[in-house]
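Each chain is listed here by its residues.
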Amino acid sequence: MHTVVVGTSGTTAEDVIAVARGNARIELSEGALAALAAAREIVEALAAKPDPVYGVSTGFGALATRHISPDLRAQLQRNIVRSHAAGMGPRVEREVVRALMFLRLKTVASGHTGVRPHVAQTMADILNAGITPVVHEYGSLGCSGDLAPLSHCALTLMGEGDAEGPDGVVRPAGELLAAHGIEPVELREKEGLALLNGTDGMLGMLVMALADLHRLYTSADITAALSLEALLGTDRVLAPELHAIRPHPGQGASADNMLRVLAGSGLTGHHQDDAPRVQDAYSVRCAPQVAGAGRDTLAHARLVADRELASAVDNPVVLPGGTSQAEGSGGGRVESNGNFHGAPVAYVLDFLAIVAADLGSIAERRTDRLLDKNRSHGLPAFLADDAGVDSGLMIAQYTQAALVSEMKRLAVPASADSIPSSAMQEDHVSMGWSAARKLRTSIDNLTRIVAVELYAATRAVELRTGLTPSPATQAVIKAVRAAGVEGPGPDRFLAPDLAAADAFVRAGKLVEAVEPVTGPLA
């Protein structure tokens, strides 16, 4: 099994996915353990002083003005976890919770939180045991981080609340910890707050969304190429010299993908035949420009994610050296800050929902063109076997249109909203968790939309008898038929074909089918 070592300098997107989706084992580096111990010394020195220090010897949020006596501080840390574990609604997916927990451990291990090494090790042990806290859909405003979701995870660390075991059965967390030989943690000064205060949920979902969207953008380039081919379009618009004079990187990458898929096609270039046309429709001709702009948006979002993965997000944080009224041993200090605000992550999550919606929209327009006998340049109406008796793919396009419509609604930015909380102390929030949740739905929808275009385009290519498709297209048709997606013929129960096409795209099989012919695609 793959092992991910957590150090003091952040983590990578690959490691997040390995833990969230691949159940990779986690180890803490010696450097991380040393940094944890050093930061803890600073917190304990501050806890022994009479001066109030936020998060160490005070209440939280709007209650931060109360100084908490030493005999109540363990109770304070337990109470913040219990009271903040106030989520509602359906359970969040296992991979999201694992990403959330791993990213919180990443910040804890940085040495900037003041958490004891023992607590960090227990977090790793819970992940390694395959125990997944029950986290609910609603409860985060994306500032002070993902408070409620992280609180449900911290509750499991304490042996309270519910969690799912590696067998998929939800049981009391205390029972699951005992079954795996894990002792519940008794939280001390600052530790409860340090486990709750981060952008880890929205960041984990961003990292996984970027991986999924990268695959989908490549898949959409392939289906766009198949649609161009089926419509007897011209590939001259994909020429590198045309894209070099408008040098957006994503546009050039998408055009190159399409050109390589179409190499050797006997269907392209027939736009001057029976019904001559000077240019293809925008949804075909401008496919690289639209997909490319989305690719460039992904690149920006990836930059933000990488910065966040290298960050230590907590409030307050433990810093070495300097002078402060909250100064501990060795000159270290604890400082309040606003780094927990989710705005940087929330914005790019919303950007991705916008470009995903547009990619879905242009794919649906190409599908509709394939089905319309007045615009498909010789294909039968709705790609039906006997139009009138058969309806063909008419309603498959309805389904695709419904998915696009929902994606447009989901493209409305969550981060443009803010709702004050905590008696106006937290008077501006990011709504980043909400942005991430709706993006996951958008990505699910986009996968289905691309699958419908694949289904229609492969059928349309097969109906172009007497012309030979490109080798890459032939490879796609062979693979998709082997996956249970049937070809042209009389009407049949369509949902199983669409489900098979969806599974084919979702598993990355479309890209896998093409690349042995084209070489690696962007």
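Before going into details, it helps to say that this report is about the structure given with it. (Residues numbered from 1 in each chain as written. Predicted model: local features only at pLDDT ≥ 70, side-chain atom pairs only at ≥ 80, totals over all residues. Heavy atoms only, no water.)

1. Overview of the overall build of the protein
Here's step 1: Within the protein one finds 19 helices and nine strands.
Here's step 2: Across its three principal directions, the C-alpha atoms of the protein cover 90 × 50 × 40 Å.
Here's step 3: Counting across all 522 residues of the protein, residues that qualify as buried make up 56%.
Here's step 4: When the accessible surface of the protein is split by element, carbon and sulfur atoms take 56% of a total near 20,300 Å². (Helix = DSSP H or I, 4+ residues; strand = E, 2+ residues; numbered from the N terminus. Buried < 20%, exposed > 50% of the residue type's maximum accessible area, 1.4 Å probe, protein only. Areas by Shrake-Rupley, 256 points an atom, 1.4 Å probe, with all protein chains shown as cover.)

2. Comments concerning the side chain of Thr132
Here's step 1: Looking at where Thr132 falls in the secondary structure, it is placed in strand β4 (residues 132-133).
Here's step 2: By relative accessible area, which is 1% here, Thr132 ends up buried.

3. Brief notes about empty space enclosed by the protein
Here's step 1: For the coordinates displayed, the defined rule picks out two cavities of 30 Å³ or more.
Here's step 2: Considering only enclosed or pocket space, the largest cavity measures out at about 110 Å³ in volume.
Here's step 3: Taken together, Met101, Arg104, Met123, Ile126, Leu150, Cys153, Ala154, Leu157 and Leu195 make up the full set of residues lining the largest cavity.
Here's step 4: Contributing elements (two or more residues each) for the lining of the largest cavity: α4 (94-108), α5 (117-128) and α6 (147-157).
Here's step 5: At four residues, the largest contribution of residues to the lining of the largest cavity is made by α6.
Here's step 6: Among the residues forming the lining of the largest cavity, the class breakdown is eight nonpolar, no polar and one charged.
Here's step 7: Reported here for the second largest cavity is a volume of approximately 40 Å³.
Here's step 8: Ala220, Asp221, Ala224, Ala287, Ala291, Leu359, Ile362 and Arg366 together form the lining of the second largest cavity.
Here's step 9: Every element with two or more residues in the lining of the second largest cavity is listed here: α9 (200-230), α13 (287-309) and α14 (343-371). (1 Å grid on protein atoms, 1.4 Å probe; cavity = no way out; pocket = protein on both sides within 12 Å on 5 of 7 lines; lining within 4 Å. Points joined across faces, edges and corners; volume = space filled by probe spheres on them. Nonpolar A, V, L, I, M, F, W, Y, C, P; charged D, E, K, R; others polar.)

4. Re the pattern of salt bridges
Here's step 1: Across all of its chains, the model carries 34 salt bridges by this definition.
Here's step 2: The partner of Arg78 in a salt bridge is Glu186, and the shortest N-O contact between them spans 2.5 Å. Note that Arg78 is positioned in helix α3 (residues 73-84) and Glu186 in the loop between α7 (173-179) and α8 (191-194), a separation of 108 residues in sequence.
Here's step 3: Arg78 sits in the partly exposed class, given a relative accessible area of 23%.
Here's step 4: A relative accessible area of 46% means that Glu186 is categorised as partly exposed.
Here's step 5: Across the pair Arg492 and Asp497 runs a salt bridge, and its minimum N-O distance is 2.9 Å. (Salt bridge = Lys/Arg side-chain N within 4 Å of Asp/Glu carboxyl O.)

5. Examining the packing of helix α17 (residues 471-482) against helix α19 (residues 509-518)
Here's step 1: Packing of α17 against α19 leaves a shortest axis separation of 8 Å and a crossing angle of 145°. For α17 against α19, the interelement crossing comes out right-handed. Residues Pro471, Ala472, Ala475, Val476 and Ala479 of α17 lie in contact with α19, whose contacting residues are Leu510, Ala513, Val514, Val517 and Thr518.
Here's step 2: Looking at the contact of α17 with α19 residue by residue, the class counts come to nine nonpolar, one polar and no charged. (Axes fitted to C-alpha atoms, helices over the stretch in contact; angles between N-to-C directions. Left-handed = near helix turned anticlockwise from the far one by under 90°. Contact = heavy atoms within 4.5 Å.)

6. Quick notes on the sheet that holds β4
Here's step 1: Pairing in this open sheet of three strands is antiparallel, and the strands run β4-β6-β7 from one edge to the other. Looking at strand neighbours, the two that pair on one side only are β4 and β7 (170-172), the edges of this open sheet.
Here's step 2: Here three bridges tie strand β6 (residues 162-164) to β7, and the two strands are oriented antiparallel to one another. Each bridged residue has a counterpart across the sheet, and for Glu164 the counterpart in β7 is Val170. (Pairing = 2+ DSSP bridges.)

7. Re the environment of Ile26
Here's step 1: Along the chain, Ile26 falls in strand β2 (residues 25-28).
Here's step 2: A C-alpha to C-alpha distance of 20 Å links Ile26 and Glu308, two positions 282 residues apart in sequence.

8. Quick word on the nonpolar core
Here's step 1: In terms of nonpolar packing, the biggest core is built from 146 residues, with Leu195, Leu206, Leu213, Ile222 and Leu352 touching the most fellow members.
Here's step 2: Element by element, the count of residues in this core is highest for α9, at 18 residues.
Here's step 3: Once residues lying within four places of it in the same chain are set aside, the contact partners of Leu206 are Ala301, Ala305, Val345, Val348, Leu349 and Leu352.
Here's step 4: Counting residues in each nonpolar core, the second largest holds nine residues, with Ala39, Ile42, Leu46 and Ala47 among its members. (Core = buried A, V, L, I, M, F, W, Y, C linked by side-chain atoms within 4.5 Å.)

9. Some details on helix α15 (residues 394-410)
Here's step 1: End to end, α15 covers 25 Å across 17 residues, agreeing with the expected 24 Å (1.5 Å per residue, within 8%).
Here's step 2: Turning to α15, its buried residues number three or more, namely Ala396, Gln397, Gln400, Leu403, Val404, Met407 and Leu410. Buried residues of α15 fall within an arc of 130° about the axis and therefore sit on the same side. Those residues of α15 that are exposed and angled more than 90 degrees off the buried face are Lys408 and Arg409. (Expected span 1.5 Å × (residues − 1). Arc of directions from axis to C-beta.)

10. Thoughts on the layout of surface pockets
Here's step 1: In this model, the second largest pocket occupies a volume close to 310 Å³.
Here's step 2: As for the second largest pocket, its lining consists of 17 residues, of which Glu95, Asp212, Arg440, Ile443 and Asp444 are closest to the centre.
Here's step 3: If you list the elements that add at least two residues to the lining of the second largest pocket, you get α9 and α16 (432-463).
Here's step 4: Of the residues forming the lining of the second largest pocket, the biggest block, seven residues, is contributed by α16.
Here's step 5: Partitioned by chemical class, the residues of the lining of the second largest pocket number four nonpolar, two polar and 11 charged.

11. Looking at the environment of Thr122
Here's step 1: Residue position: Thr122 is located in helix α5.
Here's step 2: Spatially, the C-alpha atoms of Thr122 and Glu164 are 17 Å apart, while their sequence positions differ by 42 residues.

12. Quick word on the packing of α14 against α15
Here's step 1: Between α14 and α15, whose axes approach to 9 Å, the crossing angle comes to 160°. Taken together, the axis directions place α14 and α15 in an arrangement best described as roughly antiparallel. In terms of crossing hand, the pair formed by α14 and α15 is left-handed. Across the interface between the two elements, Ala353, Ala356, Ala357, Gly360, Ser361, Ala363, Glu364, Arg365, Thr367, Asp368 and Leu371 of α14 pack against Gln397, Gln400, Ala401, Val404, Met407, Lys408 and Leu410 of α15. (Parallel < 35°, antiparallel > 145°, perpendicular 65-115°, else oblique.)

13. Some details on unusual backbone geometry
Here's step 1: Of the consecutive residues Asn315 and Pro316, the connecting peptide bond is found in the cis state with omega at -5°.
Here's step 2: Among the structural elements, Pro316 can be located in the loop between α13 and β8 (317-319).
Here's step 3: Unusually for a residue other than glycine, Lys190 sits at a positive phi of about 75°.
Here's step 4: Locating Lys190 in the fold gives a position in the loop between α7 and α8.
Here's step 5: Lys190 sits in the buried class, given a relative accessible area of 0%.

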